[in-house]
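Below, each chain spelled out in residue letters.
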Amino acid sequence: MNNKLYLPLLICLLCLQISAQEFNNYTKQYTLVSQTEAAIEAERTHRMLLCDQQPSGLYVKKGESITFNVSGLSDEYDLSSMIGFKQMWGNRNVTQEDLLDNGTKTITASQDGILSFIFTKIDGYDIKPSTVRVSVKGGRAFPLYHVGKTSDANWQNDLRTMRDAQFVQFVSDKALVTITYADYMRTPMRDVAASFRTIHTVIDLQDELAGFDNSTPQNMRTRNRLHYLIDLYSTPAEGESFYMYAMNYLIGMKRDNFTDLTDNLSTEWGIWHETGHTHQQDSWTWDSIGEISVNIFSLYVQEKFGRPSTLAQVQDGETLTNYERARKYIADPKKNYLVSNEEKDYNELFSKLVMFHQLRSVYGWDVIKRLHQHFRKQPYVEVDGETDADKANKFIYAMCVVTQNDLVPFFRKWGLNADAATTQKINGMRLPLPKTDPSTIFK
């Protein structure tokens, strides 16, 4: 079948399955739609591990017996129960995970925690998602809001009647949000539907910039959710070192700033930034650029929300705009884009971001999309001994390929130098220099 016809049919099939998805923590009956196993999805997308667990809306206590009845599980899929959360900051927590199969199985909870399900294809990308039915005996329901299905009246009733709940959760096809009940009740969402429209917009925009346009199997948008949750395990001292954080499976939030997600997302650069980390490609993101290139996604969201660019602003306590600091950086004969020079007072997290802005100014945002698609043509493979310079050389070569211009002189101006082998490969393509030198753009 022609791919142009095949992919829309798959998307329509998925829409039908998602509509059949059910998380009913009143009756404890669930119809789950499979997701791609997190590590396999990371290979396809070149990004960090995304959440592949699904909610039950049930909380279990240590020593409690939980009985599962499963039907319709295909041999090509794994189904597990999970109690607890994937590791958060400090790696102090663990999960209890138990394989389930068709029929009945009883487990004993080894810890208190939220009960979730992991339903994934055993091997390979799950291009045709499956469904499975699960019923549960045991556990206690807590407020679970299924976006597009839960009524506001039922939600408010749950919040009133489930006062002993440890958590509240919200689930949509794109996001899972977990907040402690007490914290949520202090600052509840003013409008859940509106909040999730904004959450979805941010995720959609960042997916768009990363080139997930459903044009090919490798460019299909992920069906794995982004999990935003309250950090429960970091110490107060550790909490001083972060605003929020993104790591495998989750984005950790603090009790005093989760409203940046739930009510302020259209203005909050910081959480656009953390969401951006979940889109960064490991194939070319070297260590010193990790906190720089992520802000390409923040700039894109900022622009689409109609807000003035951070690059034209003066950061707190400083006197130069980020463009002016970038000029100062480029003029430094000892600059090196591969290492940090914060002691030079460049505010490098933003001045070095100007390099990407210059490329976008000449080639449009599409150049960033095509860059990500270029790397996804092959599954991500971690290379033993690969250095930051190796990743930088792959990036320089890829940018020359997607722009069909020789950008080696441009990158050299930024202190990002291609090695001899990369330069030879690029010279072999006989590419012209860009008609407009991107390094001249500072606005």
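Our subject is the structure that appears above.
Peer 1: Got a minute to help me understand the overall build of the protein chain in this structure?
Peer 2: The helix and strand inventory of the protein chain stands at 17 helices and 16 strands. Oriented by its inertia axes, the alpha-carbon framework of the protein chain measures out at about 65 × 55 × 40 Å. Out of the 443 residues belonging to the protein chain, those deemed buried represent 55%. Entry remark: accessible area of the protein chain is about 19300 Å², with carbon and sulfur atoms responsible for 50%. Looking at charge distribution, the protein chain has the averaged site of its 48 positive side-chain charges lying 5 Å from that of its 54 negative ones.

Peer 1: Could you clarify how one ought to interpret the environment of Thr187 in this entry?
Peer 2: Within the element layout of this structure, Thr187 appears in the loop between helix H4 (181–186) and helix H5 (192–209). For the pair Thr187 and Phe258, spaced 71 residues apart in sequence, the C-alpha to C-alpha distance is 9.3 Å. Leave out the neighbours within four places in its chain, and Thr187 touches Phe258 and Thr259.

Peer 1: Explain the sheet that holds strand S3 (residues 53–60) here, please?
Peer 2: Strand-to-strand pairing in sheets goes through backbone hydrogen bonds, with the strands running parallel or antiparallel. Sheet architecture is open: five strands sit in the order S6-S5-S8-S3-S10, paired in antiparallel fashion. Bordering the open sheet on either side are strand S6 (96–100) and strand S10 (140–141), each of which pairs with just one other strand. Taken together, the seven bridges between strand S5 (residues 77–83) and strand S8 (residues 113–121) define a ladder with antiparallel strand orientation. Note on S8: the bridge partner recorded for Ser80 is Ile118.

Peer 1: In this structure, what is going on with the pattern of salt bridges? I would like to understand it.
Peer 2: Once the charged atoms of two side chains with opposite charge are near each other, the side chains can pair. Taken as a whole, this structure holds 17 salt bridges when the rule is applied. Via salt bridges that share partners, Asp173, Lys174, Asp204, Asp207 and Arg221 belong to a single interconnected network.

Peer 1: Can you walk me through the sheet that holds strand S13 (residues 175–180) in this structure?
Peer 2: Taken together, six strands build an open sheet; the order of strands is S11-S12-S13-S14-S16-S15 and the sheet is mixed. The open sheet has two free edges, formed respectively by strand S11 (144–146) and strand S15 (245–247), since each of these has just one partner strand. The sheet shows a mean angle of 15° between the axes of neighbouring strands, taken without regard to direction. Where strand S14 (residues 226–230) meets strand S16 (residues 250–253), three bridges bridge the pair, whose relative direction is parallel. From the neighbouring strand, Ile230 faces S16, where its bridge partner is Met253. Sitting on the sheet, helix H3 (residues 152–161) touches S11 and strand S12 (167–171), and the angle it makes with S12 is about 160°. Contacting S11, S12, S13 and S14, H5 crosses the sheet at an angle of about 130° to S13.

Peer 1: Would you mind showing me how to read a negative patch on the surface here?
Peer 2: Together, Asp75, Glu76, Asp78 and Asp101 make up a region of like negative charge exposed at the surface. Mapped onto the elements of the fold, Asp75 is located in the loop between strand S4 (65–71) and S5. Residue classification places Asp75 among the exposed residues on the basis of a relative accessible area of 75%.

Peer 1: Looking at this structure, I do not really get the nonpolar core. What am I missing?
Peer 2: Side chains of a nonpolar character, in soluble globular proteins, are inclined to be buried together. In this structure, Phe170, Tyr228, Tyr337, Phe395 and Phe411 are the most contacted members of the largest nonpolar core, which totals 89 residues. Apart from residues lying up to four places away in sequence, Phe411 is in contact with Met355, Leu359, Phe395, Ile396, Met399 and Leu416. Judged by nonpolar contacts, the second largest core, of 25 residues, contains Leu73, Phe117, Phe119 and Val171.

Peer 1: Help me out: how do you make sense of helix H13 (residues 353–363) in this one?
Peer 2: Each α-helix turn comprises 3.6 residues. Residues three or four places apart therefore point the same way. Most of H13 sits inside the fold, with eight of its 11 residues counted as buried. All of the buried residues along H13 are Leu353, Val354, Met355, Phe356, His357, Gln358, Leu359 and Tyr363. Gly364 sits one or two positions beyond H13 and adopts a positive phi of about 80°.

Peer 1: Can you walk me through the pairing of S3 in this structure?
Peer 2: Regular strands place side chains that alternate from one sheet face to the opposite one. Extensive coverage of S3 is indicated by the burial of eight of its eight residues. Strand direction decides the pairing type here: S3 and S8, joined by six bridges, are antiparallel. Residue pairing in the sheet places Tyr59 in a bridge with Ile114 of S8. Pairing analysis gives two bridges linking S3 to S10, with the strands arranged antiparallel. In the sheet register, Tyr59 faces S10, and the bridge partner there is Arg140.

Peer 1: Explain the packing of H5 against helix H10 (residues 295–304) here, please?
Peer 2: How two helices pack is summed up by the angle between their axes together with the distance between the axes. Running from N to C, H5 and H10 point in directions that differ by 120°, and their axes come no closer than 10 Å. Taken together, the axis directions place H5 and H10 in an arrangement best described as oblique. Relative to H10, the crossing made by H5 is right-handed. Between H5, through Val202, Leu205, Gln206, Glu208 and Leu209, and H10, the contact on the second element is made entirely by Ile296, Phe297, Tyr300, Val301 and Lys304.

Peer 1: Could you clarify how one ought to interpret helix H11 (residues 322–331) in this entry?
Peer 2: Every buried residue of H11 is listed here: Asn322, Tyr323, Arg325, Ala326, Tyr329 and Ile330. Buried positions in H11, seen along its axis, are confined to an arc of 160° and lie on one side of it. Contact partners of the buried residues in H11: helix H12 (348–351), H13 and helix H16 (408–413).

Peer 1: Would you mind going over the packing of helix H15 (residues 388–403) against helix H17 (residues 420–428) with me for this structure?
Peer 2: It is the contact of H15 with H17, at a shortest axis distance of 10 Å, that shows an interaxial angle of 10°. Our classification of the angle between H15 and H17 gives roughly parallel. Of H17, the residues touching H15 (which contributes Asn393, Ile396, Tyr397 and Cys400) are Thr422, Lys425 and Ile426.

Criteria and thresholds
- Residues numbered from 1 in each chain as written.
- Predicted model: local features only at pLDDT ≥ 70, side-chain atom pairs only at ≥ 80, totals over all residues.
- Heavy atoms only, no water.
- Helix = DSSP H or I, 4+ residues; strand = E, 2+ residues; numbered from the N terminus.
- Buried < 20%, exposed > 50% of the residue type's maximum accessible area, 1.4 Å probe, protein only.
- Areas by Shrake-Rupley, 256 points an atom, 1.4 Å probe, with all protein chains shown as cover.
- Lys, Arg positive; Asp, Glu negative; His and termini not counted.
- Charge placed at Lys NZ, Arg CZ, Asp CG, Glu CD.
- Contact = heavy atoms within 4.5 Å.
- Pairing = 2+ DSSP bridges.
- Salt bridge = Lys/Arg side-chain N within 4 Å of Asp/Glu carboxyl O.
- Axes fitted to C-alpha atoms, helices over the stretch in contact; angles between N-to-C directions.
- Patch = residues over 30% accessible without salt bridge, like charges linked within 9 Å, V, L, I, M, F, W, Y side chains within 5 Å.
- Core = buried A, V, L, I, M, F, W, Y, C linked by side-chain atoms within 4.5 Å.
- Parallel < 35°, antiparallel > 145°, perpendicular 65-115°, else oblique.
- Left-handed = near helix turned anticlockwise from the far one by under 90°.
- Arc of directions from axis to C-beta.

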